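Letter by letter, the chains look like this.
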Amino acid sequence: MNILKNIFTTSLGKKYVMAVTGCALVLFLVGHLAGNLQVFLGQEVINRYGHFLQSNPELIWPARFGLLTLLVLHVWSAIRLTLENRAARPVAYGVYKPIGANYASRTMFMTGLIVFTFVIYHLLHYTVRVKAINLTGQDFAAFKVPGTVGEHPQHDIYRMIIIGFRNIWVSGFYVLGIGLLCLHLSHGVSSMFQSIGWKNDSYRPLLDKIACGLAILLFLGYISIPVAVLLGFGKDIQ
Amino acid sequence: MNLTLKVWRQSNGQSQGRFETYAAKNIIEDMSFLEMLDVVNEELMERGQEPFAFDSDCREGICGMCSLVINGIPHGGHKGTATCQLHMRHFKDGDTITIEPWRAKAFPVIKDLVTNRSAFDRIIQAGGFVSVNTGGTPDGNAIPVPKIAADAAMDAAACIGCGACVAVCKNASAMLFVAAKASHLNLLPQGQPEKDRRALKMVQQMDEEGFGNCTVTGSCEAVCPKEISLSFIAKLNRDFGVATLKGK
Amino acid sequence: MALDSKTPSGPLAQKWDKHRFDLKLVNPANKRKFEVLVVGSGLAGASAAASLAELGYKVKCFCFQDSPRRAHSIAAQGGINAAKNYQNDGDSVYRLFYDTIKGGDFRAREANVYRLAQVSVNIIDQCVAQGVPFAREYGGLLANRSFGGAQVSRTFYARGQTGQQLLLGAYQALARQISLGAVQMFPRTEMLDVVLVDGHAKGIVVRNLVTGEVSTHAGDAVVLATGGYGNAFFLSTNAKGCNVTSIWRAYKKGAFFANPCYTQIHPTCIPVSGDHQSKLTLMSESLRNDGRVWAPKRKEDCTKPPGSIPEDARDYFLERKYPSFGNLAPRDISSRAAKEACDAGHGVGPGGLGVYLDFADSIKRLGVNVIRERYGNLFDMYEKITGENAYEVPMRIYPAVHYTMGGTWVDYNLMTSVPGLFVLGEANFSDHGANRLGASALMQGLADGYFVLPYTIGHYFATSKIARPATSHAEFRKAEEGVQERINRLLASKGKRTVTSFHRELGKLLWEKCGMARNEAGLKAALKRIPEIREEFWKNLIVTGQNGGLNQSLEYAGRVADFMEFAELLCTDALHRRESCGGHFREEFQTPDGEAERDDANFSYVAAWEFQGLDKPPVLHKEPLVYEEVHMSTRSYK
């Protein structure tokens with residue numbers, strides 16, 4: 001199979017893997033944000049959304065599995081490419097100026113690694129709901145939507161988000177994680193088009209701007225929730 | 001003006017290198033950078049010391065023989081300028097200038113500032129040509145080439161193969177070179193019959209030579225003495241992808 | 001010895017066809033038994049190596065650069081001529097032939113030049129098929145421009161990088177043959193001697209510049225395509241590495257050297273800025289299409305800013321002297337006119353060695369954008385070197401040694417007086433006579449390599465029947481020892497002066513005494529001085545380092561040592577040719593208005609010199625130039 005061989009063994013193939021998985025992960029980020037922003041529509045709306053997802057395991061588990069695969073491929077290609085890149089320059093320069101290369105482009109692997117740990121924390125925090133790491137002393141798993149107790153209690157996502165982000169450290173780490181993620185995307189989204197070859201001199205400036213714009217929008221969208229909570233959004237929730 | 005040079009000295013590919021410091025005295029701003037090095041080398045020889053080796057030939061920015069990473073930037077960091085076209089008017093009295101060879105696994109040092117760039121030749125040998133024998137070719141005007149295609153091909157073909165793109169890239173990637181060479185031919189009607197094969201073979205050879213991967217930092221484009229566009233890399237990515245999807 | 005040019009008989013237009021039929025062929029199956037050693041990988045060398053390999057010969061190709069793609073052909077800017085007549089402006093093979101013969105001041109071999117014009121059309125087809133991105137019109141057809149004083153538009157070009165693109169085409173063809181295993185490439189390898197066995201060239205001695213190892217290679221024929229000897233003058237537009245070594249060593253082995261005094265001085269170079277100068281930079285002659293050459297009429301204006309000099313105080317000397325060709329007068333004539341202006345004290349810039357090339361009128365007429373589109377890269381280059389913006393102030397230009405028409409004598413088959421030794425491109429003397437027209441060098445290099453040698457070399461193989469010797473043959477050992485001994489002698493030089501200082505001294509002497517204008521007294525003085533410099537060279541030279549490894553000081557010393565010997569032949573030839581023609585201007589032989597005065601009665605011949613030993617004068621052989629077709633006229637561009 002030349003196709004698979006070309007994709008998984010050549011330098012350009014690995015870049016395709018990186019670009020395509022990156023693209024899918026960005027789409028997930030957009031979708032995830034759209035879901036999260038429902039928090040501003042009130043307790044009932046976001047909890048209904050959460051219930052919809054959780055009550056359809058035949059949807060959510062393939063999606064989770066897919067996301068995991070994407071992430072694994074994305075990280076695998078990043079590690080492979082980075083190791084090759086390190087090997088390509090065995091002797092370092094005495095003086096080195098990365099002319100023409102912006103900060104985001106030079107730190108992709110580092111930002112990627114930090115974002116990866118952030119994602120793990122985030123999953124433990126809000127998905128697995130490990131009590132010890134939410135720093136609030138409360139057990140998120142025990143947050144139930146009032147009136148749904150019984151055989152099929154619904155999870156109170158709204159309360160979990162608000163209580164969770166009320167902790168300044170948690171919010172701070174979240175903003176930092178999202179910030180690095182968006183720095184990663186400011187380069188990644190535009191590179192994605194480059195790596196799969198959907199760029200030329202005419203589209204290039206536009207795509208670069210779109211990438212930057214998307215990164216900023218995602219950043220503002222995601223941080224709006226912790227910032228709002230810290231500024232007093234949902235202060236009636238205990 | 002008087003300058004201090006920190007020059008990389010390395011007797012051969014096997015030995016360890018180190019920086020040595022030299023004084024460049026009475027340098028005139030009209031001198032080219034290489035002429036300044038000539039002056040320093042002349043003085044070294046007059047004192048019976050061995051001059052440092054560096055590559056240069058045409059000294060007008062077209063042969064691609066000259067190299068040198070000057071203060072951390074290949075060719076010194078002036079837009080569209082090769083080392084041989086860099087003039088001393090860009091430096092000032094008292095400056096310290098660090099001079100290093102291209103550093104990449106695929107460009108092993110031969111001596112001092114001279115590296116072996118034959119990896120580039122092998123990439124061309126892998127597919128950077130049109131397979132036509134001498135004679136028997138159709139009339140030059142038999143196949144019209146749109147001016148836009150000819151101009152774009154020329155933009156790519158302007159590459160002088162100096163290797164600065166590799167030298168500046170944090171990953172020591174040769175993508176700008178390979179993309180320019182492949183795009184030059186892939187943009188022209190004459191290059192179409194071998195387009196897929198060319199993209200695959202050249203990339204394969206590039207990988208075998210031990211160059212790093214492109215992470216689109218854009219520094220290659222910034223130092224390229226011929227200002228080859230990053231967009232050619234996108235084109236090579238596209239050509240390689242199409243060839244791959246065809247199962248070639 | 002009578003020089004037989006082997007020019008075929010018959011009408012001029014049919015000579016090449018007839019000759020190709022008369023040439024013996026090598027059976028396709030037998031071709032792989034023949035091995036060809038090609039030295040040099042420029043347009044001529046790369047095209048020959050690739051074409052021979054395509055035919056089935058085994059080829060080894062050698063170049064001193066780190067890649068065959070870096071040969072100095074790459075620096076040619078302007079374009080390549082071809083008699084395509086795509087512009088319907090009256091061009092034809094005959095016109096290109098005639099222009100070239102006339103441009104060469106009737107000192108070239110008629111049949112060679114006609115053949116060159118004939119195959120010029122094939123070259124364009126070949127290069128287009130290889131993917132050379134020539135300039136195109138919007139309709140997709142090839143664009144042409146008028147170049148170097150031609151009255152028709154027959155020059156094909158790829159921006160200002162035509163040489164680069166043509167060389168890349170040939171290099172790519174060569175790369176393809178290397179990948180197929182038909183050519184073995186030896187970069188960073190310098191040829192230091194030819195090996196003759198039974199009077200035939202059957203091998204070469206080379207030095208690996210990286211390891212210092214000296215080795216020999218045996219072949220059935222040796223092809224030298226190593227360019228010109230312009231660097232004898234120290235300052236020239238040639239690359240730093242260009243040298244006379246290969247053809248000089250061939251000369252010392254019996255290959256006659258023809259017309260060394262025909263050196264071309266290019267009018268549009270950037271003037272010298274000081275003693276540190278290591279080389280001169282040429283700007284394409286195409287600049288003269290839109291630039292006007294002038295010098296101040298009053299000497300006191302020479303130091304004033306050019307913009308402050310009123311129109312009537314400017315001497316547009318080319319337009320004044322040559323009203324019909326104006327700024328496009330041929331290279332030798334334009335160069336000399338600039339020198340005259342400077343000699344008369346009207347020069348501008350450092351040392352008064354420069355004249356203006358002014359684009360103000362063109363910018364006014366066409367707009368700055370058109371000028372930028374046409375010459376942007378040249379203006380940028382000028383600014384990098386001089387720090388001046390030529391859109392605002394006129395460029396300063398001065399002539400510089402650029403091309404050498406002379407070279408190894410070859411017959412119609414491009415074979416030298418040594419059987420089995422072929423010389424191509426600028427390294428031979430054949431096609432440009434006493435002066436080369438613009439955009440003809442690329443044409444000749446590729447013609448020789450793609451379309452002449454592949455036919456004629458087969459004839460040599462088919463007729464000579466001398467087996468390729470093994471490199472263990474005594475002649476190989478002898479040549480190798482000779483080379484090694486010379487290297488050791490250079491390495492043992494622990495004097496006080498660097499190679500550069502000797503080269504600069506020699507070059508300055510040649511430029512002054514045997515440059516744009518020569519005279520008997522000067523040439524005699526040079527001939528007296530050169531052996532003195534050479535003697536000091538061998539006594540007082542410093543060469544640092546060892547042989548075992550990259551040693552640029554040693555490489556350079558070897559090349560300059562050959563220039564030291566060659567310079568004498570250059571001046572000897574210039575002294576003997578008591579006439580002015582093309583690039584050879586003898587002050588004693590000029591018309592009352594200062595134009596070159598040819599002496600067809602006495603000097604209508606090729607002067608081919610035979611080496612007799614360094615301490616003995618060379619023997620002159622004459623190949624009479626017979627013009628069956630054209631009438632020798634006085635070149636006039638007025």
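Residues numbered from 1 in each chain as written. Chains lettered and ligands numbered in written order. Predicted model: local features only at pLDDT ≥ 70, side-chain atom pairs only at ≥ 80, totals over all residues. Heavy atoms only, no water.

**Thoughts on the environment of Met31 of chain B**
Item 1. Note on placement: Met31 of chain B falls in the loop between strand E2 (18-24) and helix H1 (33-46).
Item 2. Taking the C-alpha atoms as reference points, Met31 of chain B and Arg89 of chain B, separated by 58 residues in sequence, lie 7.9 Å from one another.
Item 3. In this view, Met31 of chain B contacts Asn26, Met36, Val39, Leu86, His87 and Met88 of chain B together with His276 of chain C; residues no more than four positions away in its chain are not counted. (Helix = DSSP H or I, 4+ residues; strand = E, 2+ residues; numbered from the N terminus. Contact = heavy atoms within 4.5 Å.)

**Concerning the domain arrangement of chain B**
Many authors give the size of an interface as the accessible area that is lost as the parts come together.
All names here are of chain B.
Item 1. In terms of domains, chain B is made up of domain 1 (3-110) and domain 2 (118-245).
Item 2. Between domain 1 and domain 2, the C-alpha centre-to-centre distance is 29 Å.
Item 3. For the domain 1 and domain 2 pair, buried surface summed over both sides reaches about 1,400 Å², with 63% attributable to carbon and sulfur atoms.
Item 4. The tally of links from domain 1 across to domain 2 stands at one salt bridge.
Item 5. Taking the shortest distance from any N to any O, the salt bridge between Lys79 and Glu227 comes out at 2.5 Å.
Item 6. Joining domain 1 to domain 2, the criterion identifies three residue pairs in polar contact (both at pLDDT 80 or more). (Domains from an automatic or database assignment. Buried area = accessible area lost by both parts, 1.4 Å probe. Salt bridge = Lys/Arg side-chain N within 4 Å of Asp/Glu carboxyl O. Polar contact = N/O pair within 3.5 Å; in protein donor to acceptor, adjacent residues only side chain to side chain.)

**Here we look at the packing of aromatic side chains**
Each aromatic ring pair is characterised by the separation of its centres together with the angle its planes make.
Item 1. Counted under the stated rule, the structure contains 51 aromatic pairs over all chains.
Item 2. Where Phe107 of chain B meets Phe211 of chain B, the ring centres are 5.5 Å apart and the plane angle is 80°; that geometry is what we call edge-to-face. With a gap of 104 residues between them, Phe107 of chain B in the loop between strand E5 (96-100) and strand E6 (109-111) and Phe211 of chain B in the loop between helix H6 (195-208) and helix H7 (219-223) connect regions that are remote in the sequence. When sorted by exposure, Phe107 of chain B lands in the same class as Phe211 of chain B, which is buried.
Item 3. Aromatic pair Phe62 of chain C and Phe186 of chain C: ring centres 4.7 Å apart, planes at 10°, arrangement stacked. Taken together, the positions of Phe62 of chain C in strand E2 (residues 58-62) and Phe186 of chain C in strand E5 (residues 183-186) put the pair 124 residues apart, joining distant regions of the chain. As far as burial versus exposure is concerned, Phe62 of chain C and Phe186 of chain C are alike and both buried.
Item 4. Of the aromatic side chains, those joined through ring pairs into one cluster are Phe118, Tyr121, Tyr126, Phe140, Phe143, Phe165, Phe173 and Tyr174 of chain A.
Item 5. Lying across the ring of Phe143 of chain A, Arg159 of chain A places its NZ or CZ 4.0 Å from the centre. (Phe/Tyr/Trp six-rings, centres within 6.5 Å; stacked < 30°, edge-to-face > 60°. Buried < 20%, exposed > 50% of the residue type's maximum accessible area, 1.4 Å probe, protein only. Lys NZ or Arg CZ within 6 Å of the ring centre and 35° of its normal.)

**With respect to the nonpolar core**
Item 1. Residues Phe211 of chain B together with Ile80, Phe134, Ile457 and Leu510 of chain C are the most contacted members of the largest nonpolar core, which totals 254 residues.
Item 2. No other element matches the 13 residues that helix H16 (residues 552-576) of chain C contributes to this core.
Item 3. Once residues lying within four places of it in the same chain are set aside, the contact partners of Phe134 of chain C are Ala150 of chain B together with Ile80, Ile124, Cys127, Val128, Leu142, Phe156, Tyr157, Ala158, Thr162 and Leu166 of chain C. (Core = buried A, V, L, I, M, F, W, Y, C linked by side-chain atoms within 4.5 Å.)

**Notes on the pattern of salt bridges**
All names here are of chain C.
Item 1. If you walk through the whole model with that rule in mind, you get 82 salt bridges over all chains.
Item 2. Two residues, Glu319 and Arg292, come together in a salt bridge whose shortest N-O distance is 2.8 Å. With a gap of 27 residues between them, Glu319 in helix H8 (residues 317-321) and Arg292 in strand E12 (residues 292-296) connect regions that are remote in the sequence.
Item 3. Of the residues examined, Arg292 reaches a relative accessible area of 21% and is grouped as partly exposed.

**Here we look at the sheet that holds E5 of chain B**
All names here are of chain B.
Item 1. Within the open sheet, the five strands sit side by side as E2-E1-E5-E3-E4. Their pairing is mixed. Since the sheet does not close on itself, it has two edges, and those belong to E2 and strand E4 (73-74), each with one partner.
Item 2. Looking at chain direction, strand E3 (residues 69-70) and E4 are connected through two bridges and run antiparallel. Looking at the pairing, Val69 lines up with Pro74 of E4.
Item 3. Lying over the sheet, H1 contacts strand E1 (3-9), E2, E3 and E5, oriented at roughly 95° with respect to E2. (Pairing = 2+ DSSP bridges. Axes fitted to C-alpha atoms, helices over the stretch in contact; angles between N-to-C directions.)

**What to know about the interface of chain B and chain A**
Item 1. At the interface, 53 residues of chain B touch 41 residues of chain A.
Item 2. Regarding the contact of chain B and chain A, the summed buried area is about 3,600 Å², with carbon and sulfur atoms giving 53% of it.
Item 3. When the buried area of chain B at its contact with chain A is split by residue, Arg103, Asn213 and Val216 of chain B rank highest and sum to 16% of it.
Item 4. The interface formed by chain B and chain A holds one salt bridge in total.
Item 5. Summed over the shared surface of chain B and chain A, the result is 31 residue pairs in polar contact (both at pLDDT 80 or more).
Item 6. Those elements that place two or more of their residues in the side of chain B that touches chain A are E5, helix H4 (164-168), H6, H7 and helix H8 (231-245) of chain B.
Item 7. Ranked by residues supplied to the side of chain B that touches chain A, first place goes to H8 of chain B with 10 residues.
Item 8. Looking at the side of chain B that touches chain A residue by residue, the classes come out as 26 nonpolar, 19 polar and eight charged. (Nonpolar A, V, L, I, M, F, W, Y, C, P; charged D, E, K, R; others polar.)

**Considering the domain arrangement of chain C**
Residue and element names in this part refer to chain C.
Item 1. We note that the domain assignment places domain 1 (27-262 + 405-464), domain 2 (266-402) and domain 3 (476-605) within chain C.
Item 2. Each of domain 1 and domain 2 has a C-alpha centre, and the two are 31 Å apart.
Item 3. Contacts between domain 1 and domain 2 engage 23 residues on the former and 23 residues on the latter.
Item 4. A combined buried area of about 1,900 Å² lies between domain 1 and domain 2, and 51% of that area is made up of carbon and sulfur atoms.
Item 5. Contact with domain 2 buries area across many residues of domain 1, yet Gln77, Leu235 and Thr237 alone supply 32% of it, more than any other trio.
Item 6. Viewed at the interface, domain 2 and domain 1 are joined by zero salt bridges.
Item 7. Where domain 1 touches domain 2, the interface holds 11 residue pairs in polar contact (both at pLDDT 80 or more).
Item 8. Considered class by class, the residues forming the side of domain 1 that touches domain 2 number five nonpolar, 15 polar and three charged.

**Some points on the sheet that holds strand E10 (residues 257-258) of chain C**
All names here are of chain C.
Item 1. Taken in spatial order, the four strands of this open sheet run E16-E10-E18-E19, and their pairing is antiparallel. A single partner strand is all that each edge strand has here, and the edge strands are strand E16 (407-408) and strand E19 (619-624).
Item 2. In the sheet, E10 pairs with E16 via two bridges, with the strands oriented antiparallel. Across the sheet, the residue bridging to Ala258 is Gly407, located in E16.
Item 3. Its contacts with the sheet place H16 against E10, strand E18 (605-610) and E19, and it is angled at close to 145° to E18.

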